[in-house]
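Topology and contacts: notes
Each chain, written out:
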Amino acid sequence: MLEEVERWLARRSWSSGDRPLNRLTDARDADPHRTSVSVVLPALNEEATVGAIVATIRRELMEKVRLVDELVVIDSGSTDATAAVARAAGARVVHRDAILPRIPALPGKGEVLWRSLLVTSGEIVCFVDADLRDFSADFVSGTVGPLLTDPGVQFVKAMYDRPLGDAAGQGGRVTELVARPLLNLHWPQLAGFVQPLGGEYAVRRSLLERLPFPVGYGVELGLLVDALHTVGLDALGQVDVGVRIHRHQDGQALGRMAAAIYRTAQLRLSRGHLVRPALTQFERGEDGFVPRTHAVDTEERPPMREIAEYAERHAA
């Protein structure tokens, strides 16, 4: 590991307990405009978990203390009761297709995160995946904490254990097999991030609006790499929030995720032509193995500050 990264680990890695809630609310109250907080949950068919997450954030961080200003669930086309459950639990629910309708929506998590900037107002934006179980408000307070107390910090990722079944710390298979090798080999300054692909992180709006967003699975890697090049390593940090329990993807879904992440990295390494943006996988059928080819996410959305509607909204 680079000496620079070792120094960064000592300076920019914290625990959620390092900043008690009263310290965070004092910092927020000292400058409520600069420290306003929006929490965004991208959700697709998460009726089983989204309600408990919303209820916890509202109870712990909006009612008991005033840390979060707005809580928004972006529904990316759920066919279950995700929207109704989230709304009943206290979130404002916005459908992906209702945001920036002049640009047809593409499928993918990054698309939802990008569009969320148009329907939120906080100077700090905190993203939280909607499939978490046994959710703790520390995922929010922990990641926004450094942004509230240190003006030099601009991007904070959550770090945590990811159990896989009964095996502690064995989750994050795409992280260990794809993302971590890519980062260590090509962006060694980012080798200190424990969960580079984690979906829980907080970022200053002034940075987010300057970054392009891969529309699919590559969004977390893309944002992290681009943030490094935009603001430098010392503006990035991570906070230990304990354990993350969520639904695990099957092997083929992980393969598609890995391909999208590799493509995101390849684009940033060369900005060159991707020869074949597709991934062929195999499923056993009645007559043997059947090839199934899936397109790899190749679209990216431009920095939000280049979108006319966003500029008009913030000029008003």
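It should be noted that the structure appears before, not after, this text.
A brief report on the enclosed structure follows. What you see as residue numbers is a count from 1 along each chain, following the sequence as written. Only residues with pLDDT of 70 or above have their local features reported here, since the model is predicted, and side-chain atom pairs are shown and tallied only from 80 upward, although totals for entire chains, interfaces and linings are computed over all residues. Excluded from the side-chain calculations are hydrogens and water; all other atoms, namely the structure's heavy atoms, are used.

Our next topic: helix α3 (residues 50-63). Helix and strand labels come from DSSP, where a helix needs a run of H or I of at least four residues and a strand needs a run of E of at least two; each type is numbered from the N terminus. Expected helix span is computed as 1.5 Å times (number of residues minus one). Its 14 residues place the ends of α3 18 Å apart at the C-alpha level, agreeing with the 20 Å of an ideal helix rising 1.5 Å per residue. Taken together, the buried positions of α3 are occupied by Val 50, Gly 51, Ile 53, Val 54, Thr 56, Ile 57, Leu 61 and Met 62. In what follows, a contact means two residues having at least one pair of non-hydrogen atoms within 4.5 Å. Those residues of α3 that are buried are in contact with α2 (21-30), β2 (37-43), β3 (70-75), α4 (82-89), β6 (132-133) and α6 (138-149). Categorising residues by exposure relies on relative accessible area from a 1.4 Å probe, with only protein chains included: less than 20% of the type maximum marks a residue as buried, more than 50% marks it as exposed, and the intermediate range marks it as partly exposed.

Another aspect to go through is helix α7 (residues 173-186). Over its 14 residues, α7 runs 19 Å from end to end, which matches the ideal 20 Å to within 8%, given 1.5 Å per residue. Along α7, the sharpest change in direction is near 40° and occurs at Ala 179; proline Pro 181 comes one to four residues later. The set of residues buried in α7 consists of Val 174, Thr 175, Val 178, Ala 179, Leu 182 and Leu 183. On the buried face of α7, the contacting elements are α9 (219-231) and α10 (251-270). Throughout, the bend at a residue refers to the angle made by two axes, fitted to the seven residues ending there and to the seven starting there.

On to the packing of α7 against α10, then. For the pair α7 and α10, interaxial distance at closest approach is 9 Å and the crossing angle is 10°. Accordingly, the angle class assigned to the pair α7 and α10 is roughly parallel. Within the contact between the two elements, α7 uses Arg 173, Val 174, Val 178, Leu 182 and His 186 and α10 uses Leu 254, Met 257, Ala 258, Ile 261, Tyr 262, Ala 265 and Leu 269. Classification used: nonpolar for Ala, Val, Leu, Ile, Met, Phe, Trp, Tyr, Cys and Pro, charged for Asp, Glu, Lys and Arg, polar for all others including Gly. Considered class by class, the residues forming the contact of α7 with α10 number ten nonpolar, one polar and one charged. Axis lines are fitted through C-alpha atoms, for helices just across the contact stretch, and the angle between N-to-C directions can take any value from 0 to 180 degrees. To sort the angles, those under 35 degrees are grouped as roughly parallel, those over 145 as roughly antiparallel, those from 65 to 115 as roughly perpendicular, and the leftovers as oblique.

Each aromatic ring pair is summarised here by two numbers: the centre-to-centre distance and the angle between the ring planes. Here the aromatic set is Phe, Tyr and Trp, taking the six-membered ring for Trp, and pairing holds for ring centres within 6.5 Å; pairs whose planes are under 30 degrees apart are stacked, those over 60 apart are edge-to-face, and all others are tilted. Evaluated as defined, the whole model comprises five aromatic pairs. Aromatic pair Trp 8 and Phe 193: ring centres 4.8 Å apart, planes at 45°, arrangement tilted. Pair noted here: Trp 8 is in helix α1 (residues 3-12) and Phe 193 is in the loop between α7 and β8 (201-204), with a separation of 185 residues, a long-range link. No difference in accessibility class separates Trp 8 from Phe 193, as the two residues are buried. Plain terms: the ring middles of Phe 155 and Tyr 201 are 5.7 Å apart, the flat faces sit at 5° to each other, and that makes the pair stacked. Of this pair, Phe 155 sits in strand β7 (residues 155-161) while Tyr 201 is found in strand β8, placing the two residues 46 residues apart along the sequence. Across this residue pair, the class does not change: Phe 155 and Tyr 201 are buried. By way of ring pairs, the aromatic residues Phe 127, Phe 155 and Tyr 201 are connected into one cluster. Look at NZ for Lys and CZ for Arg. If either is within 6 Å of the ring centre and within 35 degrees of the ring normal, a charge sits over the ring. Just above the ring of Trp 14 sits the side chain of Arg 19; from NZ or CZ to the centre is 4.4 Å.

Since its relative accessible area comes to 0%, Tyr 201 is described here as buried. Residues Tyr 201 and Val 125, 76 residues apart in the sequence, show an inter-C-alpha distance of 8.4 Å. Here Tyr 201 is in contact with Leu 113, Val 125, Cys 126, Phe 127, Thr 143, Phe 155, Val 156, Lys 157, Glu 220 and Leu 223, once residues within four sequence places are set aside.

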